[in-house]
Structures are given as C-alpha cells and as structure tokens.
Amino acid sequence: MPTPQLTMPELTIGQRVRVHVNLHKQALAVADPSTGKVLGYVEAITLTHVTFRTQAACLDRVQRDGVRKVCAYAVGTLASIEPDVDRSLPVVTFNPHRRRDFHDVATGASITGADAVTFADLRCYVIGAH
C-alpha cells in the first residue's frame, strides 16, 4: 500500500522538522523536533541545514534488549515534500546493531550533518556531508 504524501496544514516549507525511518510502516515519519510527535508519513522529503542525532541511552537499550526504538533521526528545515531524487548522491545510513553513528555507506566516514538531504526509498541521499 503506497504511503500518502503529507498535506497537513501545520507543516510548512521552512519549518524545522525531525525525520526518521519507520521500519514497521516502511515510510518516513515527519515529527515535531521539540515534542517528537509524529505529524505524518511521507515517501520522500528534502531537508536543508541538517543535523543527524542519536540518543546514547536509547542506543544502549536497543543493543542490550534487541528491541527497535527511535533513537536516531535527522533534524532540518523542510525544503520539499515532493523532491526530485538524485540517486547518484552519497547515501548515509544508521543501524544501531552495527554502529552507533550515521555514516556514509561507500566510505564508512562518520556523518554528523549535511547541507541538504533527500530521504527517498527509505534511504538518505546527502549533499555537503560533514
């Protein structure tokens, strides 16, 4: 079943949002960064001025108990919910059972932020990683 694009009135271009992959729904969850409340789900989204965040205590629980929880996400400024996806860009990933950080799939370099990211196909394509 395809995930509908986000069209909620409380979400506007230029707004700060938090994005994480929801593995159960196979969709991208868009949340309020201050409350963590999920505003909706999208198939693709572009953020600018992005910071990748992890929560150490949550990572400890996930690794100890083997239960999935949201303990890593990207926070940035909403640029588009219908982006053109450049799949040739570097891909950044996070898997708490392999590493405790976001990292470039090709190089293994740790990534803490980016100028822009596009989430699509449950992947994170990054521009200007740092």
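Just above sits the structure.
Because the structure is a prediction, the values reported are computed rather than measured.

What to know about the overall build of the protein chain
Logical step 1: Across its full length, the protein chain carries 1 helix and 9 strands.
Logical step 2: The N-to-C order of helical and strand elements in the protein chain reads β-β-β-β-α-β-β-β-β-β.
Logical step 3: For 130 residues, the compact-globule estimate of 2.2 N^0.38 gives 14 Å, and the C-alpha radius of gyration of the protein chain, at 14 Å, lies within 12% of that figure.
Logical step 4: Each principal axis of the C-alpha atoms in the protein chain carries an extent, and together these give about 40 × 30 × 30 Å.
Logical step 5: By residue count, 42% of the 130 residues in the protein chain fall in the buried class.

Quick word on the packing of aromatic side chains
Logical step 1: Applying the stated criterion across every chain yields a total of 2 aromatic pairs.
Logical step 2: Within the aromatic cluster, the residues linked to one another by ring pairs are Phe52, Phe94 and Phe102.
Logical step 3: The cationic tip of Arg18 hangs over the ring face of Tyr73; the distance from NZ or CZ to the ring centre is 4.0 Å.

Re a nonpolar patch on the surface
Logical step 1: A surface patch of nonpolar side chains, amounting to about 200 Å² of accessible area, comprises Val21, Leu23 and Leu122.
Logical step 2: Mapped onto the elements of the fold, Val21 is located in strand E1 (residues 16–22).

With respect to unusual backbone geometry
Logical step 1: Despite not being glycine, His49 shows a phi value in the positive range, around 50 degrees.
Logical step 2: Within the secondary structure, His49 sits in strand E4 (residues 44–54).
Logical step 3: Given the relative accessible area of 58%, His49 is considered exposed.
Logical step 4: We note that Leu122 has phi near 60 degrees; this positive angle belongs to a residue other than glycine.
Logical step 5: Mapping Leu122 onto the fold places it in the loop between strand E8 (113–120) and strand E9 (123–129).

Remarks on the layout of surface pockets
Over the atoms rolls a probe the size of a water molecule, and its path tells where empty space is left.
Logical step 1: Of the voids in this model, the largest pocket is the one considered here, and its volume is about 800 Å³.
Logical step 2: Lining the largest pocket are 28 residues, and of these Val21, Leu23, Phe94, Asn95 and Pro96 lie nearest its centre.
Logical step 3: With 4 residues, the single largest contributor to the lining of the largest pocket is E1.
Logical step 4: The residue inventory of the lining of the largest pocket, partitioned by class, reads 17 nonpolar, 7 polar and 4 charged.

Details of the pattern of salt bridges
Logical step 1: Using the criterion set out here, one finds 4 salt bridges in the structure.
Logical step 2: With a shortest N-O distance of 3.0 Å, Asp60 and Arg100 are connected by a salt bridge. Placement of Asp60 in helix H1 (residues 56–65) and of Arg100 in the loop between strand E6 (91–93) and strand E7 (103–104) is noted, with a sequence separation of 40 residues between them.
Logical step 3: A relative accessible area of 34% places Arg100 in the partly exposed class.
Logical step 4: Across the salt bridge formed by Asp101 and Arg99, the nearest N and O atoms sit 2.9 Å from each other.
Logical step 5: Taking the relative accessible area as the measure of exposure, Asp101 reaches 18% and is therefore buried.

Rules behind the numbers
- Residues numbered from 1 in each chain as written.
- Predicted model: local features only at pLDDT ≥ 70, side-chain atom pairs only at ≥ 80, totals over all residues.
- Heavy atoms only, no water.
- Helix = DSSP H or I, 4+ residues; strand = E, 2+ residues; numbered from the N terminus.
- Rg over C-alpha atoms; globule rule 2.2 N^0.38 Å.
- Buried < 20%, exposed > 50% of the residue type's maximum accessible area, 1.4 Å probe, protein only.
- Phe/Tyr/Trp six-rings, centres within 6.5 Å; stacked < 30°, edge-to-face > 60°.
- Lys NZ or Arg CZ within 6 Å of the ring centre and 35° of its normal.
- Patch = residues over 30% accessible without salt bridge, like charges linked within 9 Å, V, L, I, M, F, W, Y side chains within 5 Å.
- Areas by Shrake-Rupley, 256 points an atom, 1.4 Å probe, with all protein chains shown as cover.
- Salt bridge = Lys/Arg side-chain N within 4 Å of Asp/Glu carboxyl O.
- 1 Å grid on protein atoms, 1.4 Å probe; cavity = no way out; pocket = protein on both sides within 12 Å on 5 of 7 lines; lining within 4 Å.
- Points joined across faces, edges and corners; volume = space filled by probe spheres on them.
- Nonpolar A, V, L, I, M, F, W, Y, C, P; charged D, E, K, R; others polar.

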